[in-house]
Amino acid sequence: MLHPPSLTVNVFTGDRKYAGTDNTVSIILHGKDGKSSKPTTLDTFFHNDFERGQADTFKIAADVVKDFDQFVEIEVLEIRTDKTFGVISDDWFVDKIVVENKTNNTSFVFPILRWIRTDQRYFIQHLDTSLPQFDKFKEQRSKELAEKRKDYVYEQKIRNGPVQLKTLPPDEEFSFNYEWDITKTVTKLKVLGKLKLFGMDEFETFKDFEKLYDDLHFVRPKSSENWRSDIAFGHKRINSINPSVIRRFTKIPDKFPVTDELLGPLLEGYTIQQGIDNKKLYWTDLEILEGTPINPGFILCIPMLLLFVDKEKNLRPVAIQLFQKPGPDNPIFTPQDDPSLWTFVKMWYDNADCCYHQSLTHLGFTHLLMGGIAIATHRNLSPSHPIFKILAPHFLYIHAINALALDKLVAPGGWVDKTMSHGAEGLLHLTTRGIDSWRMNVEGNIPEAVKQRGIEDSEALPNFYWRDDALVLFKTIRKYVSSYVNIYYSSQDILKEDEEIQAWVEEIVKERNNPEGGVGIKGVPGNGALTCNHDLVDIITSIIFVCSCAHASANFGQYDEYAFPPNYPTNLRQKPPSSKDARYTEKEMCKSLALSEMTKDILVVTTILSKKGTNSLGDFEVDYIADPKAKTVVEEFRADLCKISKQIKARNEKVGYNYDDLIPENIPNSISI
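Now for a quick tour of the structure. What you see is a predicted model; the values in this text were computed from it and never measured.

1. A word on the pairing of strand β1 (residues 6–13)
Then, number 1: Counting buried residues along β1, seven of its eight residues qualify, which places the element largely inside the surrounding structure.
Then, number 2: Bridge count between β1 and strand β4 (residues 55–61): seven bridges; the pairing is antiparallel. Along β4, the bridge assignment pairs Thr8 with Lys59.
Then, number 3: Across seven bridges, the pairing between β1 and strand β6 (residues 92–101) is antiparallel. Counterpart to Asn10 in the pairing with β6 is Val98.

Here is the structure:
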């Protein structure tokens with residue numbers, strides 16, 4: 001028996017807060033040549049349709065569509081919801097609707113990805129991907145953007161700092177499927193085991209820290225194995241959570257008066273000038289920490305560090321000056337000093353580096369800068385815009401995690417105040433100062449950043465796995481973005497006439513304290529006016545790289561580095577060395593480190609921060625891209641990422657060191673934790 005032809009309508013309600021609806025949902029299908037179906041209500045008898053995160057399937061009989069056999073292409077889906085009797089207005093968030101014609105085996109995808117408001121009609125084009133100047137429903141598009149601007153409002157919650165959302169919209173809250181709640185997780189981790197060291201508030205030996213992991217059922221951090229080694233200390237500068245400050249040493253500054261007499265035995269026969277000429281010397285200068293507020297009773301060093309590439313190709317520290325102004329009470333320390341003194345000096349350097357890392361490399365240069373760009377994207381780009389679709393996966397949960405971090409971790413009396421030398425006030429002060437120095441075309445462009453810092457030569461500075469992996473990933477992301485952008489902008493005129501993309505980049509550049517609102521990003525290609533694809537590609541590449549790769553490398557190694565406090569002290573409670581004659585017992589160094597309860601807090605929070613909660617780069621949680629040409633580009637991107645993954649793993653196996661923070665499957669799409 002032949003069954004009459006029919007259409008199948010598959011409806012996917014989004015996983016957003018209040019996404020479901022009890023409204024009456026009806027649709028009209030519009031085909032070519034003005035053909036349209038009759039209005040039809042989507043309803044399954046005795047079933048609660050359109051619940052949050054739910055997929056529903058409906059059959060539409062052939063008689064709903066006039067000339068069904070000729071109705072082979074569906075160009076537009078018209079959708080409407082009306083209040084059901086006795087039910088208040090109940091808006092509905094839809095991910096997508098897929099209409100299948102079983103008669104001729106065709107299907108039509110309508111990515112909705114928006115709220116369907118009660119008693120309003122929406123017209124969604126097949127694949128829903130269009131630039132504003134080519135959209136058939138411009139009035140609807142403009143109205144949607146106007147509504148989004150009401151939800152996405154800029155506010156500088158940190159004085160003179162980066163912009164954030166004034167109020168977190170329901171759309172930006174964590175979904176039920178994202179099971180990460182800092183308060184619940186902290187409680188859970190704290191009760192895993194009872195701390196047996198309560199009677200010992202201070203640690204007396206470095207071994208005492210190791211007991212903590214067994215007592216609390218925590219994994220022992222990798223850094224606890226060889227943290228005192230100079231090779232490990234040098235390696236940490238290039239393959240750990242803060243590789244963004246090292247640069248080539250090109251001349252001796254007055255404030256750091258290293259001499260051949262002081263360093264001669266450490267440079268394998270080179271003079272300092274010969275070391276400079278042969279690209280053997282590199283340094284860090286944490287001058288930006290000067291003037292940072294600190295918690296009462298603490299001292300924050302403002303150090304400089306000189307490193308040397310030895311004949312074994314290891315990067316070794318050869319000199320540390322703990323403060324900026326040289327003098328008798330601020331000497332230059334070297335590995336030739338007493339081993340206990342040198343160990344303690346390195347701990348003070350790492351404490352300063354920790355403050356830089358958490359304030360800038362991590363919070364400021366990823367979470368907060370990208371949060372501002374995410375706001376601008378929602379305010380200016382329609383969900384139908386192809387650039388919105390390529391960027392949206394990389395903003396997943398960024399506003400939720402930023403709000404939570406500032407509320408739970410950076411708030412007065414929170415984790416930062418309890419565990420870090422500069423506390424919440426110092427962290428925010430430093431973040432505000434640092435973001436004004438970040439430029440999208442330098443710090444946000446890895447090849448340019450590496451070049452300007454003089455660290456691009458892999459022969460001169462070998463084993464710099466972060467640099468090598470970051471360069472490959474940046475190039476791969478740029479290839480992906482370029483192929484995608486060129487699908488939609490076949491000429492410069494099309495780009496220039498795109499009012500949404502022009503408003504978007506203008507708002508990204510506009511100063512943060514502008515009454516109309518702006519993100520205040522410096523060094524944006526085109527400086528607020530896009531005239532060529534190259535600039536647009538550079539902007540999108542930078543955003544995707546920072547939201548994925550830069551954040552991953554700054555974030556996911558935190559437990560292994562911070563959870564063994566001697567390796568990367570978040571605070572030090574004594575005075576830093578001021579004489580080369582100083583000597584320290586292990587007990588004295590431990591006395592400077594975090595107390596037992598504070599150490600437990602560090603373990604708990606860094607455990608949480610080191611967990612990957614969302615999908616890997618290229619494996620998007622929400623399928624924004626439906627255009628077949630664009631989907632082909634996405635598949636090519638995924639294939640390229642697989643190749644990179646294999647290359648990094650083969651490299652790691654060959655060199656016997658697992659730098660895996662930038663293996664693509666270890667990189668989430670977004671800043672979601």
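2. Focus on the pattern of salt bridges
Two side chains of opposite charge can pair, provided their charged atoms sit close to one another.
Then, number 1: Within the structure shown, the criterion is met by 40 salt bridges.
Then, number 2: Here Lys600 and Glu597 are joined by a salt bridge, their closest N and O atoms 3.7 Å apart. Remark: Glu597 and Lys600 occur in helix α19 (residues 596–609); sequence separation between them is three residues, near one turn of the helix.
Then, number 3: Judged by its relative accessible area of 8%, Lys600 is buried.
Then, number 4: Judged by relative accessible area, Glu597 falls into the partly exposed class, the value being 30%.
Then, number 5: Linked through salt bridges whose partners overlap, the residues forming this network are Arg114, Asp128, Glu144 and Lys389.

3. Some points on the nonpolar core
Then, number 1: In this structure, Met370, Ile387, Tyr480, Tyr489, Trp504, Leu536 and Ile543 are the most contacted members of the largest nonpolar core, which totals 153 residues.
Then, number 2: At 21 residues, the largest contribution of residues to this core is made by helix α7 (residues 339–380).
Then, number 3: Each residue touching Leu536, except ones within four places of it in the same chain, is listed here: Ile387, Val485, Tyr489, Leu495, Ile501, Trp504 and Leu530.
Then, number 4: Listed in part, the 25 residues of the second largest apolar core include Val9, Phe58, Val65 and Ile74.

4. Overview of the packing of α7 against helix α16 (residues 533–555)
Then, number 1: It is at 10 Å that the axes of α7 and α16 come closest, and there the two elements cross at 155°. Comparing the axis directions of α7 and α16 gives the class roughly antiparallel. Relative to α16, α7 is oriented so that their crossing is left-handed. Residues His357, Thr361, His362, Phe365, Thr366, His367, Met370 and Ile373 of α7 lie in contact with α16, whose contacting residues are Ile543, Val546, Cys547, Ala550, His551, Ala554 and Asn555.
Then, number 2: For the contact of α7 with α16, the residue count by class is eight nonpolar, seven polar and no charged.

5. Notes on helix α4 (residues 230–238)
Then, number 1: Among the nine residues of α4, seven are classified as buried, and the element is accordingly described as predominantly covered.
Then, number 2: Regarding α4, the residues found buried are Asp230, Ala232, Phe233, Gly234, Lys236, Arg237 and Ile238.
Then, number 3: Looking at the packing, one finds that the buried side of α4 touches β13 (304–309), β14 (315–321), α7, α13 (465–488) and α17 (558–562).
Then, number 4: Of the residues that open α4, the one with a side-chain oxygen 3.1 Å from the backbone nitrogen of Ile231 is Ser229.

6. A few points about the environment of Ser616
Then, number 1: Structurally, Ser616 can be placed in the loop between α19 and α20 (628–655).
Then, number 2: The class for Ser616 is buried, based on a relative accessible area of 16%.
Then, number 3: In the structure, Ser616 is positioned 283 residues away from Phe333 in sequence and 43 Å away in space, judged by C-alpha atoms.
Then, number 4: With near-sequence residues (within four places) excluded, Ser616 lies in contact with Pro664, Glu665, Ile667, Pro668 and Asn669.

Procedures and definitions
- Residues numbered from 1 in each chain as written.
- Predicted model: local features only at pLDDT ≥ 70, side-chain atom pairs only at ≥ 80, totals over all residues.
- Heavy atoms only, no water.
- Buried < 20%, exposed > 50% of the residue type's maximum accessible area, 1.4 Å probe, protein only.
- Helix = DSSP H or I, 4+ residues; strand = E, 2+ residues; numbered from the N terminus.
- Pairing = 2+ DSSP bridges.
- Salt bridge = Lys/Arg side-chain N within 4 Å of Asp/Glu carboxyl O.
- Core = buried A, V, L, I, M, F, W, Y, C linked by side-chain atoms within 4.5 Å.
- Contact = heavy atoms within 4.5 Å.
- Axes fitted to C-alpha atoms, helices over the stretch in contact; angles between N-to-C directions.
- Parallel < 35°, antiparallel > 145°, perpendicular 65-115°, else oblique.
- Left-handed = near helix turned anticlockwise from the far one by under 90°.
- Nonpolar A, V, L, I, M, F, W, Y, C, P; charged D, E, K, R; others polar.
- Polar contact = N/O pair within 3.5 Å; in protein donor to acceptor, adjacent residues only side chain to side chain.

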